[in-house]
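The lines below spell out each chain.
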Amino acid sequence: MEKKATSNETQPLTSKKGTSDCNEGEDCKENGLLIRNPKSGDKEEAAQISNGYSGVQSSVPCNGMGEVEDVQCTAPLMELEDRETWGKKIDFLLSVIGYAVDLGNVWRFPYICYQNGGGAFLIPYTIMAIFGGIPLFYMELALGQYHRNGCISIWRKICPIFKGIGFAICVIDLYVASYYNTIMAWVFYYLVSSFTTELPWTSCNNAWNTDNCTTYFSKDNVSWALHSISPAEEFYTRQVLQVHRSNGLDDLGGISWQLTLCLLLIFVIVYFSIWKGVKTSGKVVWVTATFPYIILFILLVRGATLPGAWRGVLYYLKPEWQKLLATEVWVDAAAQIFFSLGPGFGVLLAYASYNKFHNNCYQDALVTSTVNCLTSFVSGFVIFTVLGYMAEMRNEDVSEVAKDMGPSLLFITYAEAIANMPASTFFAIIFFLMLLTLGLDSTFAGLEGVITGVLDEFPHIWSKRREFFVLGLIIVCFLGSLATLTFGGAYVVKLFEEYATGPAVLTVVFLEAVAVAWFYGITQFCNDVKEMLGFTPGWYWRLCWVAISPIFLLFVTCSFLSSPPELRLFDYNYPYWTTVVGYCIGTSSIICIPIYMAYRLIITPGTFKERILKSITPETATEIPFGDIRMNAV
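Calculation rules
For every chain, the first residue of the written sequence is number 1, and numbering continues from 1 along that sequence. In keeping with the model being predicted, local features are shown solely for residues with a pLDDT of at least 70 and side-chain atom pairs are shown and tallied solely at 80 or more, while totals for entire chains, interfaces and linings include all residues. Hydrogens are left out, water is left out, and the side-chain values use all remaining heavy atoms of the structure. Each helix is a run of H or I in the DSSP string that is no shorter than four residues. Each strand is a run of E no shorter than two, and both are numbered from the N terminus. Whether a residue is buried, partly exposed or exposed follows from its accessible area with a 1.4 Å probe, protein chains only, as a fraction of its type maximum: under 20%, in between, or over 50%, in that order. Throughout, a contact is declared for two residues whenever any of their heavy atoms are within 4.5 Å. Each accessible area is a Shrake-Rupley estimate made with a 1.4 Å probe; only the visible protein chains count as cover when residues are assessed. Here a salt bridge means any side-chain nitrogen of Lys or Arg lying within 4 Å of a carboxyl oxygen belonging to Asp or Glu. UniProt positions are given in the numbering used here, feature names are shortened, and annotations may be inferred rather than shown by experiment. Any N or O atom pair separated by 3.5 Å or less is treated as a polar contact, with the protein-specific requirement of one donor-capable and one acceptor-capable atom, and with residues adjacent in sequence counted only for side-chain atom pairs. The disulfide definition used here is simple: a pair of cysteine sulfur atoms within 2.5 Å. Lines fitted to C-alpha atoms define the axes, with helix axes restricted to the stretch in contact, and inter-axis angles between N-to-C directions lie between 0 and 180 degrees. Geometric relationships in this document are graded by angle, where less than 35 degrees denotes roughly parallel, more than 145 denotes roughly antiparallel, 65 to 115 denotes roughly perpendicular, and other angles denote oblique. Note on convention: near helix rotated counterclockwise from far helix by under a right angle means a left-handed crossing. Clockwise means right-handed. Classification used: nonpolar for Ala, Val, Leu, Ile, Met, Phe, Trp, Tyr, Cys and Pro, charged for Asp, Glu, Lys and Arg, polar for all others including Gly. The span expected for a helix works out to 1.5 Å for each residue beyond the first. Patch membership requires over 30% relative accessible area and the absence of a salt bridge. Like charges are linked within 9 Å, and nonpolar side chains (Val, Leu, Ile, Met, Phe, Trp, Tyr) within 5 Å. What pLDDT conveys is the predictor's confidence in a given residue, as a value from 0 to 100. Working definition: rings of Phe, Tyr and Trp (its six-membered ring) pair if their centres are within 6.5 Å, and the pair is stacked with planes under 30 degrees apart, edge-to-face with planes over 60 apart, and tilted otherwise.

1. With respect to the overall build of the protein chain
When its secondary structure is counted, the protein chain shows 23 helices and seven strands. In the protein chain, which comprises 634 residues, the proportion classed as buried is 57%. Of the contacts formed within the protein chain by residues at least 6 apart in sequence, a portion of 80% connects residues at least 24 apart. Split by element, the accessible area of the protein chain, about 26200 Å² in all, is 62% carbon and sulfur.

2. Here we look at the pattern of salt bridges
Under the defined criterion, the tally for this structure stands at twelve salt bridges. Between Asp-91 and Lys-283 there is a salt bridge, and its shortest N-O distance comes to 2.9 Å. Taken as a pair, Asp-91 in helix α1 (residues 89–100) and Lys-283 in helix α7 (residues 278–288) lie far apart in primary sequence, 192 residues in all. Of the charged contacts, one joins Glu-320 and Lys-323 as a salt bridge, the two residues approaching to 3.9 Å between their closest N and O atoms.

3. Description of the UniProt feature "binding site: Na(+)" (unreviewed entry) in the protein chain
On the UniProt side, "binding site: Na(+)" (unreviewed entry) is annotated at positions that read Gly-98, Ala-100, Val-101, Asn-105, Ser-340, Asn-372, Leu-438, Asp-441 and Ser-442 here. Spanning 345 residues, the named residues form one tight spatial group whose C-alpha atoms are at most 13.5 Å apart. By the secondary structure assignment, Asp-441 is in helix α15 (residues 424–457). Once residues lying within four places of it in the same chain are set aside, the contact partners of Asp-441 are Gly-98, Tyr-99, Val-285, Thr-288 and Ala-289. Side chain to side chain, Asp-441 and Thr-288 meet in a polar contact 2.3 Å long.

4. Some remarks on the side chain of Glu-416
Position of Glu-416 relative to the elements: it lies in helix α14 (residues 407–419). At 3.2 Å, the side chain of Glu-416 and the side chain of Ser-230 are in polar contact.

5. Side note on the state of the cysteines
One pass over the structure, following the stated rule, counts one disulfide. A sulfur-sulfur distance of 1.9 Å marks the disulfide that ties Cys-204 to Cys-213. Around the S-S axis, the bridge from Cys-204 to Cys-213 shows a dihedral of about -75° and counts as left-handed.

6. Remarks on the packing of helix α2 (residues 103–115) against helix α10 (residues 327–341)
Taken N-terminus to C-terminus, the directions of α2 and α10 make an angle of 165°; their axes are 11 Å apart at the nearest point. With respect to their mutual orientation, α2 and α10 come out roughly antiparallel. Classified by chirality, the crossing of α10 by α2 is left-handed. Every residue of α10 that contacts α2 at Asn-105, Arg-108, Phe-109 and Ile-112 is listed here: Asp-332, Ala-335, Gln-336 and Ser-340. Of the residues belonging to the contact of α2 with α10, the class tally is three nonpolar, three polar and two charged.

7. Structural notes on α14
The first and last C-alpha atoms of α14 sit 17 Å apart over 13 residues, in line with the 18 Å expected at 1.5 Å per residue. In terms of residue burial, α14 counts as a mostly covered element, since 13 of its 13 residues are buried.

8. Details of a nonpolar patch on the surface
A cluster of nonpolar side chains, contributed by Trp-257, Leu-261, Leu-264, Leu-265, Val-268 and Phe-272, occupies part of the molecular surface with about 600 Å² of accessible area. Tracing the sequence through the fold places Leu-261 in helix α6 (residues 257–274). Judged by relative accessible area, which is 43%, Leu-261 ranks as partly exposed.

9. Digging into the confidence of the model for the protein chain
When pLDDT is averaged along the protein chain, the result is 81; 82% of the residues meet or exceed 70. The low-confidence segment residues 1–27 (pLDDT under 50) makes 58 contacts with residues lying over four places distant or belonging to another chain. Below a pLDDT of 50 lies the segment residues 29–81, which in the model reaches 142 contacts outside its immediate sequence neighbourhood of four places, other chains included.

10. Looking at the environment of Ile-266
Looking at where Ile-266 falls in the secondary structure, it is placed in helix α6. Ile-266 gets classed as buried once you look at its relative accessible area, which sits at 0%. What Ile-266 contacts, discounting residues up to four positions off in sequence, is Asn-181, Met-184, Ala-185, Phe-188, Leu-436 and Leu-440.

11. A short note on the environment of Ile-255
Among the structural elements, Ile-255 can be located in the loop between α5 (231–240) and α6. Its relative accessible area of 44% is what places Ile-255 among the partly exposed residues. Spatially, the C-alpha atoms of Ile-255 and Leu-482 are 7.5 Å apart, while their sequence positions differ by 227 residues. Sequence-distant contacts of Ile-255, that is, excluding residues within four places in its chain, are made with Thr-260, Leu-482, Leu-485, Thr-486 and Phe-487.

12. Describing the packing of helix α19 (residues 502–533) against helix α20 (residues 539–562)
Between α19 and α20, whose axes approach to 9 Å, the crossing angle comes to 165°. By the angle between their axes, α19 is roughly antiparallel relative to α20. For the element pair α19 and α20, the recorded crossing hand is left-handed. For the pair α19 and α20, contact is made by Pro-503, Leu-506, Thr-507, Val-509, Phe-510, Ala-513, Ala-517, Trp-518, Ile-522, Thr-523, Phe-525 and Cys-526 and by Arg-542, Trp-545, Val-546, Pro-550, Leu-553, Leu-554, Val-556, Thr-557, Phe-560 and Leu-561, respectively. A per-class count over the contact of α19 with α20 returns 18 nonpolar, three polar and one charged.

13. A few points about unusual backbone geometry
Of note in this structure, Arg-148 is not a glycine but carries a positive phi near 50°. Here Arg-148 lies in the loop between α3 (122–147) and α4 (164–193). A positive phi angle is found at Phe-570, which is not glycine, with a value near 55°. Residue position: Phe-570 is located in the loop between β5 (568–569) and β6 (572–573). Classification of Phe-570 as partly exposed rests on a relative accessible area of 22%.

14. Quick word on α15
Along its 34 residues, α15 runs 50 Å from first to last C-alpha, staying within 8% of the 50 Å computed at 1.5 Å per residue. Judged by how many residues are buried, α15 sits mostly within the fold: 31 of 34 residues are covered.

15. Regarding the packing of aromatic side chains
Inspection of the entire model under this criterion finds 50 aromatic pairs. Their ring planes at 50° and their centres at 5.4 Å tell us that Tyr-138 and Trp-545 sit as a pair that is tilted. In this pair, Tyr-138 is assigned in helix α3 and Trp-545 in helix α20, connecting sequence segments 407 residues apart. Of the two residues examined, Tyr-138 and Trp-545, each falls in the buried class. Put simply, the rings of Trp-186, Tyr-189, Tyr-190, Trp-201, Trp-208, Phe-235, Tyr-236, Phe-411, Tyr-414, Phe-431, Phe-432 and Phe-570 pair up and form one aromatic cluster.

16. Looking at the side chain of Gln-336
Mapping Gln-336 onto the fold places it in helix α10. A polar contact is formed between the side chain of Gln-336 and the side chain of Arg-108, at a distance of 2.9 Å. What Gln-336 contacts, discounting residues up to four positions off in sequence, is Arg-108, Phe-109, Ile-112 and Tyr-125.

Shown next as structure tokens:
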């Protein structure tokens, strides 16, 4: 009996023809599909077909026509299982842009830019984007779209011994979900607090304020002294975080019920946005990915009209050419472009795996990466026009106002400026709504990377139970976030942000690039791209994938490891033992890679050489939908 595909990308998987005449090591068309045969002769090991289709082989009575005969023969019995795809192409683009453009674009890029030479920093930033970030971004989109699998099972079709990379990615994503969503809870707290006639971080007349609180924006002639603390800073540290009730990482204190409730609401929103798959989240991003750009434009216009705004812009873009000779500037540029575009988190693999096979992922990579970089650049104007205004009001240099890095730049400096603008409530609401939507996009993406990876690896368990798996994953992430919800939770967030993701993700993508370019083979990978797009990547892309991008990653990774950051948050200096803990957290994900390599070699039969060869040879045949693809295009 024939089973016809419901998708227009495939032909029926069964045929009345006899067995195919495919020769080992050659590509041929069988049953309407283009089949890539492994050269190792391990075709019998293929149990799950590429591109989201699963197949099982069983012995059935047959005579080549599907009729019962006296003689039993073995024939492939394939059952087509359609893979979910994006409702529209724009859903995919908005999802990828929403993932790449997050809170870091708003606070990290402007800070890194002015710290490393202002306008001169754009030179190393652009170079690192062209030769490092964008090629890796393109590579992951192409891999996900061609093989149509998540970050775990995709390695069966590339280089099985590196399958531990997929498990490492899942662990990293869980770490990110444990602290990133806590920052979203802070944003939500600010958003709720903004629905008042007078913003609570405007005055020093609140229960949480101290004697050092100074409202220098008031009409009274109040001078800003060394010991002065703004009401915005005290609201952030003493009311939202309540860090004064903790003595550090060795005494985190109790759990803040307000932040716990905020985080719970965040996860509820996330669950009902992703529980049904990309067709649901693809609709949500129409709001969460576009709304921030509307708000950025409004805030940019407002910031440009503030007194002293020009001082901030000048400080932001004034080039310091001598800084280009410093190695750390190039390291910062490489790290910024890498973490901004975000390869290595399994998200690009997952999102691209739901594309049509012939989708132009090359064009997608160029468009989304360009939009991401331009967003970072424009965000700098939004931030620094306000910092110039703050410097004007304080009668200080912009460098003094902009000394805070990270969330403090948003929750203290920018929030304080908003509080002293006309229509402050309106601007506070739209600003924190913008931050909320920026963060939600990235949360959707990070969890989808884990969900797609696990569901593709264990389809017999979870393929029909996605809602329950997503619910369990959300609960695990919520429980994992409890330490960040304590009075000292901000210290935990800082520790995870520096150690749990940085070196670990860099190592993951370095090994991923090496596995694809050197083990799977750059020629084979380029042939895959040609089958999808109709053209072969040029020498520039080949050179980047084979040498430049891995060197780029190795350079940044070694720079990270050679000079571990000396962490400090507010008045708390992290003790030495936290560095050890931090490296243990980072290593806990990377350790999955050598563990799986050892496991793979142990369970593979044969001599050591045979085990190595089998472990680096794709074990699953890749079947390409033979529909409207330009198979012979040059």
